[in-house]
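Topology and contacts: notes
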Amino acid sequence: MSESWSRSQRQQSMTYPGIANLCMPPSSVTGSNRSRRPSWSDAKKVWNAGDEDHYSDSHTQILKKLDNYYRKVKRQILAFQSLTTGLFPNHLEPDKKVAHVVENVFCATAVWSLRQCYCKIDNDQGRAHELGQAAVKCMRGILDCWMRQAKKIEVFKGEQSPKDALHSKFNVLDGSEVEDADEVGQLQICAISIYLLTLVQMITSNLEIIFSMDEVNFVQQLIFYIERAYRTPDYGIWERGSKYNTNTCELHATSIGMAKAALEAMNGFNLYGDKGANWSVVYVDVDAHNRNRTTFDTLLPRESASKNTDAALLLTVSWPTFAVHDSTLVQNTIRKCIRKLRGTHGFKRFLRDGQYTDLESKDQRFYEATEIKKFDKNECQWPMFYAVMIIDGIFKNNQAQVDEYMAALNPLLRHTTEGEMMVHHYYVDHSRLHSSAQSEASERGNNQQLPFACSSEILYGNFFLFGQSVWIICQLLVDKLLTITDLDPIRRYLPPSDRPKANSRYSSIQDSLRYQYTPNIPKLITSSAYDPVYPKQQTTGVVPANVTFSDLVIHVVAISESVRLQQVLATYGIQTQTPKQVEPILIWPPSELVKAYTNLGINKKFGFSGRPDRPVGVLGTCKTYRICSKTVLCYPLTFETNDFYMSSDMTLLLDNIRSDFEFLTKCWRLKGRPIYLMMLRERHLRGPQKSDLLELLTSIRNGKLGTNIFVRLERLQTAISSACIEHLDFLNNSICTAIDWQSVAVHEYKNTSEIGQYKSLTDVSKTPFISEDIDYINSDFKDRTEEELREFICNTDISLGSLKKHALATYELYKTGGLDWMIKENYRVKNHLEHLLKEAATWQHWAVIRFVSSLLHKMVDSLAPSVTNLLVRGKTVTIGVFGHEETIIDKPIRPNEIFKILYDEKVFGNSIFHAVLLQEILINVSVFMLTSPQLFNGILKLRLGWLFQAMKLGLEHSSVDAEDPATLNTLSPNEIKQLVFYVLTSDSQQATPPTAGDVEQRSSFQKRQMDGALCRVPADFFEHVWSILERTPGGIKLCDALLPQQPTLSDMTDYELNFSLKIEEMLSRISDPAYRCLVVEMFELINVLLKRNSELRFTETLDVDYLINEAVKLYQQQTNSKDPYKDFYNLPIQLVGGSTGYMVRVIINYLFNANIQKADGIDLNMSTNTDICKIS
């Protein structure tokens, strides 16, 4: 094909009447597996180009072309396949006995692609079978290698530790682990994900790859393995980790996107193909898929914290993964790759990639801290990605893109006796840079003048099989022997709602956009679906002018705890049902569904347990389950009484219900409507919030919450007809009968005299308001003996007045012997604390609730996803007590690690209340990050202990009763949430303060305290510090820590996240929030002065502490202040009579060594200018 390639031939042969027509409409697809072998007559109908004189698709020519490709594949790919394992070696490895999983998957895909072409020929001389079995052998070879490491999966799915990861490299001859494997990046989520995705593609094309139920269980374990990709830092597809190549893992958008795509493909898929039964189906946690989706969408178009972009993203947003169908995200990602990475000889993998360059040391695996700068503008360029862009253009029917990259790629191929070969990479040959002019060109990064050399593997008979496989697939598509539907049988390139679904027995993930058209006049818009690179060549389409998105209707079923509660609510027009009235439908708590899923994937031969003990999220509980001929529904975790104490706050419960509805509206992507069970209990009517509950139920009855949430209050028997139904076929009768299911999850009051009858809400006893705090350090019980403590606990009734005393007395016993210390026979400290917790929850005594919960070491289930949600948005989290040592979290961690941080000496040892309050703050901050990310502008490091301090300051400032002020310990969880929101929105210079006149009442000292405690900095602050560092050869000194100019400027870039984190690390050394704010003001003033006076620079180290100290001294000299620092903190941010004037004078004196008083445009008598140091 390529030998006779010309532009005219390309224009004629590549004229597609419409690639969209290559896939049959869903109505014509009876199943995902084709039962009839397609023929060339079918292909001719699809490929009707309309110019048969120029392009002949006769049977003879097709056979001739296929024969040429068959010989190419045999010589270039299959000639290297291992006879024993079926794996392909990586020819760049020294001993050529190492197989890389990702490369092998692409080799198998290339062979399988040619097999797909031969499947259209009736007399294929057995080649379709031969090629298909070669692909099967490779896929089974990878599976066999992984099955030998089954013990690693069992450990990894609970711990996500790199040392327990499945290997991504194996010995070609026997499939064994590669020696010294721990020294390389084995943890590659993308490798397993691309394998699972390809497995589904091949099985859909009628290949048999999975042979036994043991293998089905193993694949199910692989799904568990990748479900938490959203919080599992790995080494990425290039096995390098971060771009600094220092053996550190990080979250990669490529890995998360491929995991998301694999989960979508595997959801409800039968691994035996169309011949399989129900027990060979694998399942996916829909909530895990949603977390991967949201994390992936958040990361794009960035690859990771250290990599601004990566060429591997092309493989993620386009073929073969198609992980996202948001046209804006796809466009931005591809454009960024082209802008940052495209060169004259291919794409760079990522910026400052030193691998395979002649500047890289061959003797060391990892780089030194200051080594990465030399690779800038000297990265290798990979022609393979030109072929990827050609394939992308074919899928998008973008002929201009295909022509452009085809013309760029052809000159880069190496012509050998084996045919055209894809070059591994081109590198900058520095040995050919002789003249100084060329050297200067290298430093400027002018790629046109840089001498590139081709990698030499082909000269020694070694082929780059990864790239060659992509090139063969590209040629098959360009020559129209392979269609995009042959290459993508499961139609990943289509939006989820347009893909054919063979089996409706299992839930399927649909498109994110639900909409309804209105009869308004249509309007023209520019379509960007086909061309993310060439906007001028885009076509136009017509869509309705008024489209209502997210019109999902949520079915709400209200379940009353008792008959009398049902009767009371009925008097207010709220129709509910009791658990007995919905029989034979069963209602389970979420814990029962977790118990059911623990039987998924169990295999005694491998030593596999089932699904890890993870809670089921809102999406999972809104599905309807068929289990052993029974219909089961679960109520959400929001109504779980055994959860963290936050569920005891009725106001917060109502807020969480609204949040659940909003979440379902945005994130429900399953076929069918969700059923949201509201489990109403009698305790919900206690307290002042009962009117809010009635108001919410009334709004639900009316069918709409807010402007975007549509609900429908239904009877369960009616709602189930349009529900999303999931059949858990892995639970057979023998398993179900052996498990004691808690099918009735609520309490039916049979003896009403025990609790008291009521007929209306006015008869319900009210909960008193309690604001009593606990001082456990100066307790009256601390000097009592154990016998006295036991006597008090056993002989004193628990009431509202004695709750606090019981908690303090029990705490003294806890200090003596811990939770297992005996109080009386068969009654331990833990038992009494749990009893106190229930009583305190009844009385809403929040100080006692938090105190006892902390002693019991309670944990919120969703802490780990909350941390991940903050990290993927570029934030760093620290956990600790204000004024004490903090623990920095800069990568996703497991729940047990968070538990250790909260309940070690740094937190629990310094403050018992902090261990639980910090959990509340973390959950609330994560929620606000999702709903109102603008609140965190200027906040790079979320120091929870400092945020706690800011909340204390905010509470003190807003306290009405000065004699008996409220404390954070006594506030309800909902009040804590509102206080967090108030603190985040009460920026001292925000245009619209939260309450009128509130900000004006604060002093400048209070404003600085608040801003410093929030760790907020102005817009572009870190870029300003970079500019200052560029003109400070001696570096910047703060709190005895020196930030040197070199190698900081050479190793990092001003837009790099890691530089911002480095500056934030320096600021974290400051212990006083007000002083931190003053330091930020000082940096901003220095930046203004240097920007207005381009000739100025610091000749010595910039000591920020010295400058602030001199400013305070200058202030004291002029005012004779007795407490100069406190008074200086209280100065307004202005030149005249404010802190700005004093700091400007000190900076100028520092620049000119107090000899030249040059202001260069800075008039100290000018009018007030608060914009110089405005905190954004």
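See the structure shown above.
The shown structure was predicted, so the numbers you read here are calculated from the model rather than taken from an experiment.

Calculation notes
- Note that residues are indexed from 1 along each chain, following the sequence as it is written.
- In view of the model being predicted, local features appear only for residues whose pLDDT reaches at least 70, and side-chain atom pairs are presented and counted only at 80 or more, with totals across whole chains, interfaces and linings using the full set of residues.
- Side-chain measures were taken over the full set of non-hydrogen atoms in the model, leaving aside hydrogen atoms and water.
- Helix and strand assignments come from DSSP, with helices taken as H or I runs of at least 4 residues and strands as E runs of at least 2, each series counted from the N terminus.
- The buried label applies to any residue whose accessible area, calculated with a 1.4 Å probe on protein chains only, is under 20% of its type's maximum; exposed applies above 50%, and partly exposed to all values in between.
- Pairs of residues are marked as contacts when any of their non-hydrogen atoms sit within 4.5 Å.
- The protein chains shown are the only cover counted for residues, whose accessible areas, like all others here, come from Shrake-Rupley with a 1.4 Å probe.
- Strand pairing is assigned whenever DSSP identifies at least 2 bridges connecting the two strands.
- In this description, a line fitted to the C-alpha atoms serves as the axis of each element, helices being fitted only across the stretch in contact, and the angle between N-to-C directions of two axes falls anywhere from 0 to 180 degrees.
- Here a salt bridge means any side-chain nitrogen of Lys or Arg lying within 4 Å of a carboxyl oxygen belonging to Asp or Glu.
- For Phe, Tyr and Trp, rings pair up if their centres lie within 6.5 Å, where Trp contributes its six-membered ring, and each pair is then called stacked (planes under 30 degrees apart), edge-to-face (over 60) or tilted (otherwise).
- Counting as a charge over the ring demands two things of the Lys NZ or Arg CZ atom: a distance within 6 Å of the ring centre and an angle within 35 degrees of the ring normal.
- Put simply, angles under 35 degrees are roughly parallel, angles over 145 are roughly antiparallel, angles from 65 to 115 are roughly perpendicular, and the rest are oblique.
- Following the grouping adopted for this structure description, the nonpolar residues are Ala, Val, Leu, Ile, Met, Phe, Trp, Tyr, Cys and Pro, the charged ones are Asp, Glu, Lys and Arg, and the polar ones are all others, Gly among them.
- Distance and chemistry together define a polar contact, namely a pair of N or O atoms within 3.5 Å, with one atom able to donate a hydrogen and the other to accept it when in protein, and with adjacent residues in sequence counting only for side-chain atoms on both sides.

Focus on the overall build of the protein chain
Looking only at helices and strands, one finds 42 helices and 26 strands in the protein chain. Looking at the protein chain as a whole, 60% of its 1176 residues are labelled buried. Relative to all contacts within the protein chain whose residues are 6 or more apart in sequence, the contacts with residues 24 or more apart total 75%. Summed over all atoms, the accessible surface of the protein chain reaches about 47600 Å², with 49% contributed by carbon and sulfur.

Here's the deal with the environment of Val-557
Mapped onto the elements, Val-557 comes out in strand β11 (residues 553-560). Along the chain, Val-557 and Gln-717 lie 160 residues apart, while their C-alpha atoms are 9.6 Å from each other. When neighbours within four sequence positions are excluded, Val-557 is seen to be in contact with Gln-577, Ile-675, Tyr-676, Leu-677, Met-678, Glu-714, Arg-715, Leu-716 and Ala-719.

Focus: the sheet that holds strand β22 (residues 886-889)
The strand order across the open sheet built from three strands is β22-β21-β23, with neighbouring strands paired in mixed fashion. At either margin of the open sheet sits one strand with a lone partner, and together these are β22 and β23 (941-943). Put simply, the sheet's adjacent strands are angled 20 degrees from each other on average, direction ignored. Where strand β21 (residues 876-880) and β23 come together, three bridges link them in parallel fashion. Of the residues in β23, the one forming a bridge with Val-877 is Leu-942.

Let's talk about the pattern of salt bridges
Under the criterion given, the structure shown has 44 salt bridges. A salt bridge links Glu-418 to Arg-75, with the nearest nitrogen and oxygen atoms 3.1 Å apart. Remark: Arg-75 occurs in helix α3 (residues 59-76) and Glu-418 occurs in the loop between β3 (414-416) and β4 (419-421); sequence separation between them is 343 residues. One salt bridge connects Arg-349 with Asp-353, and the closest N-O pair in it is separated by 2.8 Å. Judged by relative accessible area, Arg-349 falls into the buried class, the value being 2%.

Considerations on the packing of aromatic side chains
Here the structure, examined in full by the defined rule, presents 48 aromatic pairs. Their ring planes at 20 degrees and their centres at 6.4 Å tell us that Tyr-811 and Tyr-814 sit as a pair that is stacked. Here Tyr-811 pairs with Tyr-814, and both are found in helix α26 (residues 803-817), just three residues apart, close to one helical turn. Taken as a pair, Tyr-811 and Tyr-814 share a single burial class, namely buried. Taken together, the ring pairs connect Phe-106, Trp-238, Trp-319, Phe-347, Tyr-356, Trp-382, Phe-385, Tyr-386, Tyr-405, Phe-464 and Phe-466 into an aromatic cluster. Stacked on the ring of Phe-211, the Lys or Arg Arg-140 has its end atom at 3.9 Å from the ring centre.

Thoughts on the pairing of β21
Most of β21 is tucked away, with five of its five residues classed as buried. With burial as the criterion, each face of β21 is covered, one bearing Thr-876, Thr-878 and Gly-880 and the other bearing Val-877 and Ile-879. Across four bridges, β21 lies against β22 in antiparallel orientation. Bridge assignment links Thr-878 to a residue of β22, and that residue is Ile-888.

Things to note about the sheet that holds β11
Ordered by their spatial adjacency, four strands build an open sheet running β15-β11-β17-β16, and the pairing between neighbours is mixed. Strands at the two margins of the open sheet, each flanked by one partner only, are β15 (675-680) and β16 (704-705). As defined by bridge partners, β16 adjoins strand β17 (residues 709-713) across two bridges and the pair is classed as antiparallel. Along β17, the bridge assignment pairs Leu-705 with Ile-709.

Considering the pairing of strand β13 (residues 624-627)
Of the strand pairs in this sheet, β13 and strand β18 (residues 725-727) are connected by three bridges, and their pairing is parallel. Pairing of Arg-626 across the sheet is with His-727, part of β18. Pairing geometry for β13 and strand β14 (residues 630-634), over three bridges, is antiparallel. Within β14, the residue paired with Arg-626 across the bridge is Thr-631.

Concerning unusual backbone geometry
With omega at 5 degrees, the peptide bond leading from Trp-319 into Pro-320 counts as cis. That bond from Gln-1046 to Pro-1047 is cis: its omega, 15 degrees, falls within 30 degrees of zero. Within the secondary structure, Pro-1047 sits in the loop between β25 (1041-1043) and α37 (1048-1051). At Lys-480, a residue that is not glycine, the phi angle is positive and equals roughly 65 degrees. Relative to the elements of secondary structure, Lys-480 occurs in the loop between α16 (465-478) and α17 (484-487). The phi angle at Gln-844 is positive, at roughly 60 degrees, despite the residue not being glycine. As for its position among the elements, Gln-844 is in the loop between α27 (829-843) and α28 (846-855).

Comments concerning the packing of helix α36 (residues 1021-1030) against helix α38 (residues 1057-1067)
Two numbers describe how α36 lies on α38: the axes approach to 10 Å, and their chain directions differ by 85 degrees. Considered as vectors, α36 and α38 are oriented roughly perpendicular to each other. Side by side, α36 and α38 meet where Phe-1021, Phe-1022, Val-1025, Trp-1026 and Leu-1029 of the first sit next to Phe-1059, Ser-1060, Ile-1063, Glu-1064 and Leu-1067 of the second. Each residue belonging to the contact of α36 with α38 can be placed in one class, and the counts come to eight nonpolar, one polar and one charged.

Brief notes about the environment of Ser-306
Mapped onto the secondary structure, Ser-306 falls in the loop between α10 (286-299) and α11 (312-317). Counting along the chain gives 751 residues from Ser-306 to Leu-1057, while the straight-line C-alpha distance between them is 6.9 Å. In this structure, Ser-306 is in contact with Ser-242, Lys-243, Tyr-244, Glu-250 and Asn-1058, ignoring residues within four places of it in sequence. A polar contact is formed between the side chain of Ser-306 and the backbone nitrogen of Lys-243, at a distance of 3.1 Å. In terms of polar contacts, Ser-306 uses its side chain to reach the side chain of Glu-250, at 2.7 Å.

A short note on the side chain of Thr-316
Within the fold, Thr-316 resides in helix α11. A residue is classified by how much of its surface remains accessible, and Thr-316, at 0% relative accessible area, is buried. Discounting residues that sit within four places of it in the chain, Thr-316 has contacts with Ala-253, Thr-254, Gly-257, Met-258, Phe-296, Thr-321, Phe-322 and Ala-323.

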